[in-house]
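Close look at the chain arrangement
What follows is the residue order along each chain.
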Amino acid sequence: MSQPQAAVGASVARVDARLRVTGKAKYASDNNPDGVVHAVIVDSSVGRGRITGIDAGPALALPGVLTVISHLNAPKLPPVQSNGYPPGTPLRAFQDDKVRFFGQPVAVVVAKTLEVAQHAASLVQVSYDAERPSTDLRAAPPADNPETYARGDADRALSSADVKLDLTFQMARQHHNAMEPAGIVARWDGGKLTIWEKSQAVQYSGFSMAAEFGISPENVHVISPVVGGAFGNAFRTWVHSVIAAIAARQVQRPVKLVLTRRQLYFGIGYRPAYAYGLRMGSDRRGHLTAAVHDVNSETSTYETHLEDTLVPGRMLYSTPNVKQTHRSVPLDVNTPTWMRGPGYSTGAYPLESAMDELAHELGINPIELRLRNEPADDQSNGLPFSTRRLRECYTTGAHEFEWKRRNSRPGSTRDGDWYVGMGMAAGVYDTQRAASQASVRLSADGTALVQSGTSDMGPGTATSMTQVAADALGLTMRQVIFQLGDSTMPPAAGHFGSQTMASVGSAVQDGCDKLRKEAIALAVKDEGSALHGADPARVEVRGGRLYVTDDPARGETYQRLLSRNKRTCLEVLGSWAPPEGAARYSLYAYAATFAEVAVHARLGLVRVRRMLGVYDAGRIISPALADSQALGAMIGGLGAALLEHTVTDHRDGRIVNANFADYLVPSHADIPDIRAIYLADGEDLVADPIGVKGLGEIVCIGVTPAISNAVFNATGRRIRQLPITPELLL
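Residues numbered from 1 in each chain as written. Predicted model: local features only at pLDDT ≥ 70, side-chain atom pairs only at ≥ 80, totals over all residues. Heavy atoms only, no water.

1. Some points on the nonpolar core
Under the convention used in this document: Put simply, a nonpolar core is a bunch of buried Ala, Val, Leu, Ile, Met, Phe, Trp, Tyr and Cys residues held in one set by side-chain atoms that sit within 4.5 Å of each other. Burial classes: relative accessible area under 20% of the type maximum marks a residue as buried, over 50% as exposed, and values in between as partly exposed (1.4 Å probe, protein chains only). Any two residues whose heavy atoms approach within 4.5 Å at even a single point are treated as in contact.
Of all hydrophobic cores here, the largest spans 88 residues; its most connected members are Met280, Tyr394, Val597, Tyr615 and Ile707. In this structure, valine 597 is in contact with Tyr419, Val420, Gly421, Val606, Arg607, Val608, Arg609, Ile707, Ala710, Val711 and Ala714, ignoring residues within four places of it in sequence. Counting residues in each nonpolar core, the second largest holds 48 residues, with Leu475, Met477, Ile621 and Ile690 among its members.

In structure tokens form, the structure reads like this:
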């Protein structure tokens, strides 16, 4: 058996904290291999059309400029082969003269210094045959291949419902704006490519680059041990990475390419804008009878992006009749991508706003309305829930937030010039898992090295994996080193979809369990060991010492065991994968979010005074890291609710607020009182061997409707548009 837990469940310091706060943790663009040169992209200044000419002469005349690459002289890339997921980039680099969106890369300058490359890029003259782009979600026709879902007869049930709502919601596009911009250093060694890239999934990056260049994935080495935030936009490979590799091959030197903050707005993906229609019906006691969801979301003309936006509406509440349609609207924009809580966060806003509106219409407490519509099982597939403690989230949150103080009459509570209100919302996110491996090596000095080809964009993967490994091996955390972010390491789940802890953590647990048992087996067979002849089932390990459970004096250390047996190390490969075959359970994490806001009576300013999140998220490996996830997500949700809005000039497709001065993001100071609670004893062993559900996404689901519902309670104004800006409240 393993020793009693010591690290898992403790609020420990991050193992890489010193590296990060001292600036010694290297981002992709901090790498400088010998001979590295710099690349700067020339962006399209039109939103649609064709390139009619490129004059690179003035740029090439500058001392230090090595080349200018465009569709006129770029190598023809082979057809993309689907040798992995995702299968290549959404946009091929310099393969034709077509302009598909404003800011599309149309050329790249490579020079010996960054300053020269920047100046040379400004000298490249590009002429176009421009057309007016289509960039307005509200004015463009949707594609004819919608995602649909139906059960019962929603239209008929809605027509006969006692209470009916017919609501329309608008949600603005949002950009990730992580601390580290997208960047890459690319180097060719013959037919092998090495890239230092900002990536949430190093193996997927390798597959993508291999697909782009028609080479084997084994010939692509991806290195990304540190990621300075991503929230989804570094999950896939974007066209700038391919451009860097093309340039490196042409100049036969390593090439560094880092997007500017402005270029991030059209060089990589974003959370798409949505138009969401929701019709809902209930009886007079608040039992839902029907719901019809009609959703449009933006995508590019060259790729379809659809998220799981409809899932909350089909399984969060007991609703016998549901009809859903989600249509993508092709626009002259770059392709959207996943952003924290993808789909679910978007789908929760209209659903939870409608539930609050229905509660007000019926004169029922919003929590009581949700309790009346708790399902016995997952009505979307008939499966039982592995765990579902949403009721406890409601009751715990109501008590801790003092929900009873909420005045049910909107606009009735004031604090000087401020209207004060409370709101709440539920959240749900699926428990994703993927096959993963981890190598574990115990050295003769009693330290362990654990490696897995996963990533860490900031939440603390290395720390939580070290905690799991330390307990499983019976070592202290200082005796364990966990390494990640290298495609040559054992393949593992990427860092997205809240799947890392469940997937990689289970592989780490498996590998460390195997190694501990191997060491015990070696000891009990070793005539020189104090454990010789002992029952392996009665041997534990703690502090690096193996001992008999009911005779602790009888034992020895890993070091002595390996030294005596002339072993430099013990090494095993741990692995775990979700069970194959049809699903037997519905796997989700749940949240209840509570918010109190103040709205200025004359200025329309909204201030979030306090917020609480209560989560049914399985076993919590590291409370400190969990808090980091939850508090950051709630602050991010505030940004979506009140601040974040990508503004497009529809005349040419230009993003007019592509900078930190005009694209507003929140800070910790925007919420003076913020707290998270995780339901205890909630491990989900159906989901995975270590009982976790994943936390990174669920903590942001439900934040925007909780704030929006609080604004209604404060003012009596129902705003069905995000973000909620002051002018909407005046």
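2. Digging into the pattern of salt bridges
For clarity, the threshold we go by: Here, a salt bridge means any side-chain nitrogen of Lys or Arg that lies within 4 Å of a carboxyl oxygen of Asp or Glu. The secondary structure listing takes helices from DSSP runs of H or I that are at least 4 residues long and strands from runs of E that are at least 2 residues long, numbered from the N terminus.
Counting across every chain of the model gives 36 salt bridges. Residue arginine 718 is joined to aspartate 356 by a salt bridge in which the shortest nitrogen-to-oxygen separation is 3.1 Å. Here the residue arginine 718 occupies a position in the loop between α16 (703-715) and β30 (721-722), and aspartate 356 occupies one in helix α9 (residues 344-362), the gap between them amounting to 362 residues. Its relative accessible area of 4% is what places aspartate 356 among the buried residues. Through salt bridges with shared partners, one network takes in Asp356, Glu357, Arg718 and Arg720.

3. Comments concerning the environment of serine 436
For clarity, the threshold we go by: Any pair of nitrogen or oxygen atoms within 3.5 Å is treated as a polar contact; in protein, a donor-acceptor pairing is required on top of that, and neighbouring residues in sequence qualify only through side-chain atoms on both sides.
Examined against the element boundaries, serine 436 turns out to sit in strand β18 (residues 436-443). Distance in space between the C-alpha atoms of serine 436 and aspartate 144 is 37 Å, their sequence separation being 292 residues. Looking at serine 436, its side chain comes within polar contact range of the main-chain oxygen of alanine 434, at 3.2 Å.

4. Some details on the sheet that holds strand β17 (residues 418-430)
Short version of the rule: A pair of strands is treated as paired once DSSP finds two or more bridges between them. Lines fitted to C-alpha atoms define the axes here, with helix axes fitted over just the stretch in contact, and angles between the N-to-C directions of these axes take values from 0 to 180 degrees.
Taken together, 5 strands build an open sheet; the order of strands is β16-β17-β25-β26-β29 and the sheet is mixed. At either end of the open sheet lies a strand with only one pairing partner, and these are β16 (414-415) and β29 (673-678). Across 13 bridges, β17 lies against strand β25 (residues 588-600) in antiparallel orientation. Within β25, the residue paired with aspartate 430 across the bridge is tyrosine 588. Against the sheet, α9 contacts β17 and β25, and its axis sits at roughly 130 degrees relative to β17. Packing against the sheet, helix α15 (residues 623-643) makes contact with β26 (606-616) and β29, and its axis sits at approximately 130 degrees to β29.

5. Quick notes on the sheet that holds strand β19 (residues 448-451)
To summarise the sheet geometry, strands pair through backbone hydrogen bonds and adopt either a parallel or an antiparallel arrangement. Strand order in this open sheet of 4 strands is β20-β19-β18-β24, and the pairing throughout is mixed. The open sheet is flanked by β20 (480-483) and β24 (569-576), the only strands paired with a single partner. Looking at each pair of strands side by side, their axes are set apart by 15 degrees on average, direction ignored. Along the sheet face, helix α12 (residues 461-473) touches β18, β19 and β20 and points at about 135 degrees away from the line of β20. Across the face of the sheet, helix α13 (residues 500-525) comes into contact with β18, β19, β20 and β24 while running at roughly 145 degrees to β24.

6. A word on the packing of helix α5 (residues 202-213) against helix α6 (residues 239-251)
Geometrically, a packed helix pair is captured by the angle between its two axes and the distance between the axes. So the rule is basically this: Note on terminology: angles under 35 degrees are roughly parallel, angles over 145 are roughly antiparallel, angles of 65 to 115 are roughly perpendicular, and the others are oblique. For any helix crossing, the convention is left-handed if the near helix is rotated counterclockwise from the far helix by under a right angle, and right-handed if that rotation is clockwise. For this classification, the nonpolar set comprises Ala, Val, Leu, Ile, Met, Phe, Trp, Tyr, Cys and Pro, the charged set comprises Asp, Glu, Lys and Arg, and every other residue, Gly included, is treated as polar.
Two elements in contact, α5 and α6, have axes separated by 11 Å at closest approach and are oriented at 55 degrees. By the angle class used here, α5 and α6 are oblique. The two elements α5 and α6 cross, and the hand of that crossing is right-handed. Where α5 abuts α6, its residues Met209, Glu212 and Phe213 lie against Ser241, Val242, Ala245, Ile246 and Arg249. Classifying every residue of the contact of α5 with α6 by side-chain character gives 5 nonpolar, 1 polar and 2 charged.

7. Some points on unusual backbone geometry
Residue proline 723 is bonded to the preceding leucine 722 through a cis peptide linkage, with omega at 0 degrees. Tracing the backbone shows proline 723 in the loop between β30 and α17 (726-729). In this structure, phenylalanine 94 takes a positive phi of about 55 degrees despite not being glycine. The phi angle at glutamine 252 is positive, at roughly 60 degrees, despite the residue not being glycine. For glutamine 252, a relative accessible area of 62% puts it in the exposed group.

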